[in-house]
There are 2 protein chains.
Amino acid sequence: MNKLVIFGVGLIGGSVALALKKAGAGTHIVGVGRSFESLQTAKNLGVIDSVETNIQAACKDADLILIAAPVAQTTAILQSIKPHLNTQTVITDAGSTKSDVLAAAKIVLGEQFNQFVGGHPIAGAEKSGVTAAKADLFVGKNVVLTPENLHNIQDDALQASNHAASHIRLSASALSENGDDLYGYRASKIARVADMWKTCGANVTEMSAENHDKIFAAVSHLPHLLAFALVDDIAKRPNAEQLFSFAASGFRDFTRIAGSHPEMWRDISLANKTALLSEITAFQTELTLVKNLLENNDGAGLLALFERASVARNAWAKNKQ
Amino acid sequence: MNKLVIFGVGLIGGSVALALKKAGAGTHIVGVGRSFESLQTAKNLGVIDSVETNIQAACKDADLILIAAPVAQTTAILQSIKPHLNTQTVITDAGSTKSDVLAAAKIVLGEQFNQFVGGHPIAGAEKSGVTAAKADLFVGKNVVLTPENLHNIQDDALQASNHAASHIRLSASALSENGDDLYGYRASKIARVADMWKTCGANVTEMSAENHDKIFAAVSHLPHLLAFALVDDIAKRPNAEQLFSFAASGFRDFTRIAGSHPEMWRDISLANKTALLSEITAFQTELTLVKNLLENNDGAGLLALFERASVARNAWAKNKQ
């Protein structure tokens, strides 16, 4: 990859750039963004090779464009790119929800939509901005790619295997081997994005945008909503100050994500509304189950539920180490 | 305090003993427990001064008896103490729920119930047992005392002030100043327990057992139930393995308490059933509110809720530092 253009050189974009440099990828990395000062900082820090304020010049001969700006800017960025988009350029993004991004890309890019590959790196840090960027941010982390054209194929594969992520890792090269030109063309584009993330040390998985959004509604978006809801429920009470004064380490960890960025989570919640509503409903059912066990003094039932949860949680934590 | 008897020299009991020694309290500390081997370890480590297997001998001339064994043993321990209980001895405990402990103490101790002062140190550690004990476990931590006889006075005070913990810190000395012999007698007993915890570096607060149980249902027991419920909800699904494989740091912190001891949390849940059911109902109402905001695409409403929560959570975390 000769030329990578990053829209939004913050924590994510900056860390991709640093990781590629550390890996000796030899790619020329161009930064584009709203704040010239911030881009200049990125250049001074050696994160990017050059700053470009002209979109046409930025897009010229670009192999890959990574949109790593706040998701609310995605449509506007795609619109600014569209008139200058070379047919050999691939565009990807780093947003937390994928169905909405793909829908926006489809509308803006039209017949060039097949040059777009949705992406979601599952990595972050407490701090944001290019000064927080680091070369190892993605090492061992998951990156999910959602190449919409392969949607149906992968959902079938998922249903057939009814299994874990490893089973749906239909690699781009495997798909290209079927000899279908369309898939071959798509596969090379997907591979370009996958290669970038692999060079950053990430584990790359492909799935449909719909499946991605369902998974993250369950393991990320719902927990965030529950944490926000719990803190809000307490903060609204007349004795909130007293309640908070007795909250300890369990509360601290449980509610850490309730300190997250409100605008970002409003956007994620609305973008992933359908899957999130379905998760809330499932959780309400589970909570009613717990409530019934408690109302019936069903110690054995409560113990069984707590054991299932603690075994699963501790096994998960051990695996993640 | 000349003689302290600790039933259950584990993390909590052992840490109290170490803290008193570090403070140079000069108290003779006697360990009692089911495992002679564990008590011998505590003695060899210098945590306690002597091991006593005879309950009568242990109780003789004891100024204070601290029950720090698993809560399920509390009634049996109180029954073993009762026949040997000197009128000048004070008994306290370290259980996570207080109404149930006080009810048990009332039944077992009868007219000597006024020698019992409920206690709950809000401190813990990942590991348990005397080898995990440390002298600074309670430094800066809250300890709640629930002297049942003062129940009504304190609830009135709470309602009148409608305010935070500082307002219900009716110190034992302040109460004794009203010249009432009953309160004077109780106050000296409460002061003995409070002094022990203060010597350990803790912040001591008094309140009714009912109020204690309501507070901890909100800030501790409900979060535990929600974490257990979320993990169980995911673990039961056919694609659980895939879901867990994409769970990241937000999930890790949110569910840390779902790895807690199942038996302990069954016991706490059942012991604090009334307050916990009320908290579940309140949370269900809050969750329905969030769901409605989402269903109505009410971005402003979601943002307001997330902002209330994040502001409150970050202010809490800053205060705790």
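Because the structure is a prediction, the values reported are computed rather than measured. (Residues numbered from 1 in each chain as written. Chains lettered and ligands numbered in written order. Predicted model: local features only at pLDDT ≥ 70, side-chain atom pairs only at ≥ 80, totals over all residues. Heavy atoms only, no water.)

Caption draft 1: The arrangement of the overall build of chain A in detail. Counting its regular elements, chain A contains 14 helices and 8 strands. Counting contacts in chain A only where the partners sit at least 6 residues apart, residues at least 24 apart contribute 75% of the total. About 13100 Å² of surface is accessible on chain A, with carbon and sulfur atoms providing 50% of the total. (Helix = DSSP H or I, 4+ residues; strand = E, 2+ residues; numbered from the N terminus. Contact = heavy atoms within 4.5 Å. Areas by Shrake-Rupley, 256 points an atom, 1.4 Å probe, with all protein chains shown as cover.)

Caption draft 2: Broad picture of the packing of helix 9 (residues 209–235) of chain A against helix 12 (residues 262–271) of chain A. All names here are of chain A. Interaxial distance between helix 9 and helix 12 falls to 11 Å at its minimum, and their mutual angle equals 125 degrees. In terms of orientation, helix 9 and helix 12 fall into the oblique class. In this structure, helix 9 meets helix 12 at a crossing whose hand is left-handed. The residues of helix 12 that touch helix 9, namely those facing Ser-220, His-221, His-224, Leu-225 and Phe-228, are Trp-265, Ile-268 and Ser-269. (Axes fitted to C-alpha atoms, helices over the stretch in contact; angles between N-to-C directions. Parallel < 35°, antiparallel > 145°, perpendicular 65-115°, else oblique. Left-handed = near helix turned anticlockwise from the far one by under 90°.)

Caption draft 3: Looking closely at the packing of aromatic side chains. Residues and elements named next belong to chain B. Per the stated rule, a full pass over the model turns up 11 aromatic pairs over all chains. Summarising the aromatic geometry, the rings of Phe-244 and Phe-251 are spaced 6.0 Å apart at their centres and angled 70 degrees between planes, so their arrangement reads as edge-to-face. Classification of Phe-244 by relative accessible area gives buried; the value is 13%. (Phe/Tyr/Trp six-rings, centres within 6.5 Å; stacked < 30°, edge-to-face > 60°. Buried < 20%, exposed > 50% of the residue type's maximum accessible area, 1.4 Å probe, protein only.)

Caption draft 4: Representation of the confidence of the model for chain A in the model. Residues and elements named next belong to chain A. Per-residue confidence for chain A gives a mean pLDDT of 90, with 89% of residues at or over 70. Taken as a whole, residues 150–180 scores under 50 in pLDDT and shows 51 contacts with residues more than four places along the chain or in a different chain. Two summary scores accompany this predicted model of the complex, namely pTM at 0.86 and ipTM at 0.86. (pLDDT = per-residue confidence, 0-100.)

Caption draft 5: Here's a closer look at the pattern of salt bridges. Counted under the stated rule, the structure contains 24 salt bridges over all chains. Put simply, Asp-49 of chain A and Lys-21 of chain A hold a salt bridge, and the shortest N to O gap is 2.8 Å. Here Lys-21 of chain A lies in helix 1 (residues 11–22) and Asp-49 of chain A lies in the loop between helix 2 (36–44) and strand 3 (50–51), a separation of 28 residues in the sequence. Judged by relative accessible area, Lys-21 of chain A falls into the partly exposed class, the value being 32%. Residue Arg-252 of chain B pairs with Asp-253 of chain B through a salt bridge whose shortest N-O separation is 3.1 Å. Through salt bridges with shared partners, a single network forms among Asp-232 and Lys-236 of chain A together with Glu-286 and Arg-308 of chain B. (Salt bridge = Lys/Arg side-chain N within 4 Å of Asp/Glu carboxyl O.)

Caption draft 6: Here's a closer look at unusual backbone geometry. Residue and element names in this part refer to chain A. Look at Asn-297: it is not a glycine, yet its phi comes out positive at around 50 degrees. Secondary-structure assignment places Asn-297 in the loop between helix 13 (273–295) and helix 14 (299–320). For Asn-297, a relative accessible area of 46% gives the class partly exposed.

Caption draft 7: Main features of the packing of helix 12 of chain A against helix 14 (residues 299–320) of chain B. At a closest axis distance of 9 Å, the pairing of helix 12 of chain A and helix 14 of chain B adopts a crossing angle of 135 degrees. The orientation of helix 12 of chain A relative to helix 14 of chain B falls into the category oblique. The element helix 12 of chain A and its partner helix 14 of chain B pack so that their crossing is right-handed. For the pair helix 12 of chain A and helix 14 of chain B, contact is made by Pro-262, Glu-263, Trp-265, Arg-266, Ser-269 and Leu-270 of chain A and by Gly-299, Leu-302, Leu-303, Phe-306, Glu-307 and Ser-310 of chain B, respectively. In terms of residue class, the contact of helix 12 of chain A with helix 14 of chain B is built from 6 nonpolar, 3 polar and 3 charged. (Nonpolar A, V, L, I, M, F, W, Y, C, P; charged D, E, K, R; others polar.)

Caption draft 8: Spotlight on the relation of the copies chain B and chain A. When chain B is fitted onto chain A, the two copies agree to an RMSD of 0.1 Å after a turn of 180 degrees and an axial shift of 0.0 Å. Here the two chains are linked by the operation of a two-fold rotation axis. No C-alpha of chain B approaches the rotation axis more nearly than that of Phe-254 of chain B, which lies at 2.0 Å. A high fraction, 100%, of the interface residues of chain B reappear at the interface in chain A, so the copies pair face to face through one surface. (Least-squares fit on C-alpha atoms with pLDDT ≥ 70 in both.)

Caption draft 9: Region of the structure containing the sheet that holds strand 4 (residues 64–67) of chain B. Residue and element names in this part refer to chain B. With respect to topology, 8 strands assemble into an open sheet ordered 3-2-1-4-5-6-7-8, the strand pairing being mixed. Where the open sheet ends on each side, the last strands, each with one partner, are strand 3 (50–51) and strand 8 (203–206). As paired strands, strand 1 (residues 3–7) and strand 4 are joined by 4 bridges and run parallel to one another. Of the residues in strand 4, the one forming a bridge with Val-5 is Ile-65. Most of the contacts of helix 4 (residues 74–81) go to strand 4, to which it runs at about 155 degrees, and overall it touches strand 1, strand 4, strand 5 (90–93) and strand 6 (116–121). Here helix 9 (residues 209–235) sits on the sheet in contact with strand 6 and strand 7 (142–146), set at roughly 140 degrees to strand 7. (Pairing = 2+ DSSP bridges.)

Caption draft 10: How the structure looks around the sheet that holds strand 3 of chain A. Residues and elements named next belong to chain A. Across the sheet, 8 strands lie side by side as 3-2-1-4-5-6-7-8; this open sheet has mixed pairing. Edge strands, defined here as strands with exactly one partner in the open sheet, are strand 3 and strand 8 (203–206). Pairing of strand 7 (residues 142–146) with strand 8 involves 4 bridges; the strand directions are parallel. Within the sheet, the bridge partner assigned to Val-143 lies in strand 8 and is Val-204. Against the sheet, helix 9 contacts strand 6 (116–121) and strand 7, and its axis sits at roughly 140 degrees relative to strand 7.

Caption draft 11: Expanded view of the environment of Val-16 of chain A. Residues and elements named next belong to chain A. Along the chain, the position of Val-16 falls in helix 1. Val-16 sits in the buried class, given a relative accessible area of 0%. Spatially, the C-alpha atom of Val-16 lies 8.2 Å from that of Leu-137, the residues being 121 residues apart in sequence.

Caption draft 12: Structural detail: helix 5 (residues 99–109) of chain B. Residue and element names in this part refer to chain B. For helix 5, every residue scored as buried is listed here: Val-101, Leu-102, Ala-104, Ala-105, Val-108 and Leu-109. One face of helix 5 carries all of its buried residues, which in axial projection span an arc of 160 degrees. At its buried positions, helix 5 is contacted by helix 4, strand 5, strand 6, strand 7 and helix 9. Phi turns positive, to about 55 degrees, at Gly-110, one or two residues after helix 5. (Arc of directions from axis to C-beta.)

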